[in-house]
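Below, each chain spelled out in residue letters.
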Amino acid sequence: MLVQQLMFFTVAMSLWAGMHVYVYRRLAAGFEPSSPWRRRVKALLGLSWAVAPLTFSQLRSSGAPLPDLIQAIGYPVLGIFSLVLGLMLFKDLAWLVLVGVDKLVARASGGDVLPKDPERRRLFERALNGAVLTAAGALGAVGLSQARQAAEVIRVTLAIHELPEALIGLRIAQVSDIHVGPTIRKERTAEIAQAVNALSPDLIAVTGDLVDGVVTGIGEHVAPLGEMKAPLGVFFVTGNHEYYSGVDEWLEFVRSLGWRTLTNEHVTLTKDGATLVVAGTPDRSSSRLKPEHVEDLDAALAGAPEAAVRILLAHQPRTAYKAVERGFDLMLSGHTHGGQYFPYTLLIHLAQPFSAGAHLVEGMWLYVNRGTTYWGPPIRLGSPQEITLIELARA
């Protein structure tokens, strides 16, 4: 396990370093080799590179003043750098297009679009880089403001084939990816609980990534979520972040709140004579850190009545392909944050087949919650945080 963690850390830090080298080279291109601005840019990016390991190393100490301060500073720095990186990539793609246009114009008319004089070219490069940095700062400020806002309530009606009469209108509130930690505290979780209760749901689903930190550090900040109540119960499945923060302790803690945890298991509920099965699996990547928590949908359904309406709670939406094969009618997920902020709201589609909202997957409904708060950088841009209220209807 230690060897795997060291390998992961080495690869991650190497990639992180590569990103910083790329941004440095692009920013430095606007200055002469002897310019003091190159040294200043290098120093700032060196500090940015060091922020990541320093910030993440404090996760298990969340709740103590110094680690919380380090993370409260570190995460915004990570967010601003990621905005600069994303915008720089878009700028360079646009530059490649401009170079192509320049060559075409030069061939056709003998003129040039881009300056050929080295000094004028550096000035042009500096202007573009200045635009990138200005845009990153402006987007970061707007994103920070949006991340501080309360989660939007998204109301969705999903029609299920042959839904029993008694389950028509069943209301399911879903929260996901709350990431209680250094910048999300009990004031925020109390607001979430109040907002969920105001919806008067029949059932509440918490689909993972509840925390970033250990129970002893942030348990008091998670506790207000125990005020969420529903007649059919509150159900919880783990996300990947629970496994970085002491999963066994967190499972015990949420059970103390009155929640039912679902680890490759199900519960059979009845409402006015109609049967509803709610099943849950641990995060699909969890077995790397806890082998006995391998995702197993067959175990989750073992003994479940065949004729019942079946709902699966699974953190990652990729599990949908397995869920379809087991005859589920509805699956609730999170994990993606919908990309969380631009430009990653666009890039998320390259990594995830289902990034946000409702999808019909071979006859099964999948709903992907964009996250009730945020992870890491306190930025939301183009992907608002949400509490979902799903109402069942008959197809």
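Everything below is about the structure printed above this text.
Cut-off values and rules
Residues numbered from 1 in each chain as written. Predicted model: local features only at pLDDT ≥ 70, side-chain atom pairs only at ≥ 80, totals over all residues. Heavy atoms only, no water. Pairing = 2+ DSSP bridges. Helix = DSSP H or I, 4+ residues; strand = E, 2+ residues; numbered from the N terminus. Buried < 20%, exposed > 50% of the residue type's maximum accessible area, 1.4 Å probe, protein only. Salt bridge = Lys/Arg side-chain N within 4 Å of Asp/Glu carboxyl O. Core = buried A, V, L, I, M, F, W, Y, C linked by side-chain atoms within 4.5 Å. Contact = heavy atoms within 4.5 Å. Axes fitted to C-alpha atoms, helices over the stretch in contact; angles between N-to-C directions.

Right, let's talk about the pairing of strand S6 (residues 265-271) for a bit. Sheet analysis places S6 next to strand S7 (residues 274-280), joined by seven bridges and oriented antiparallel. Residue pairing for S7: Thr268 is matched across the bridge by Val277. Once S6 ends, the chain turns through two residues before running back antiparallel as S7, passing Asp272 with a positive phi of about 50°.

As a further point, take the pairing of strand S11 (residues 364-368). Burial runs high along S11: four of the five residues are buried. Strand direction decides the pairing type here: strand S9 (residues 330-333) and S11, joined by four bridges, are parallel. If you follow Leu330 over to S11, its bridge partner there is Trp365. Sheet topology note: the strand S10 (residues 357-361)/S11 ladder contains five bridges and is antiparallel. Its bridge partner being in S11, Leu360 is matched across the sheet by Trp365. Where S10 hands over to S11, the hairpin turn is made up of two residues, of which Glu362 adopts a positive phi near 50°.

On to the pattern of salt bridges, then. With the rule as written, the count across this model stands at 16 salt bridges. Notably, a salt bridge pairs Glu165 with Arg394, separated by 3.3 Å at the nearest N-O pair. Note that Glu165 is positioned in the loop between strand S1 (152-160) and strand S2 (171-175) and Arg394 in strand S12 (residues 386-394), a separation of 229 residues in sequence. Given the relative accessible area of 57%, Glu165 is considered exposed. Lys271 is the partner of Asp272 in a salt bridge, and the nearest nitrogen-oxygen pair spans 3.7 Å. Taking the relative accessible area as the measure of exposure, Asp272 reaches 70% and is therefore exposed. Salt bridges linked by common partners bring Arg26, Lys91, Asp92 and Glu125 together as one network.

The next point concerns the nonpolar core. Core analysis: the biggest nonpolar cluster contains 30 residues, and Leu210, Val222, Met228 and Trp259 have the highest contact counts within it. Secondary-structure elements contributing two or more residues to this core are S2, helix H5 (186-197), strand S3 (203-206), helix H6 (215-222), strand S4 (234-236), helix H7 (247-256) and S12. With five residues, the top contributor of residues to this core is H7. Not counting chain neighbours up to four residues away, the residues in contact with Trp259 comprise Val206, Leu210, Leu225, Gly226, Met228, Val234, Phe236 and Val254. By size, the runner-up hydrophobic cluster in this structure holds 28 residues, among which are Leu158, Val267, Val309 and Leu313.

Spatial strand order, S6-S7-S8-S9-S11-S10: six strands in an open sheet with mixed pairing. This sheet does not close on itself; its edge strands, each paired only once, are S6 and S10. Averaged over all neighbouring strand pairs, the angle between strand axes comes to 20°, with direction disregarded.

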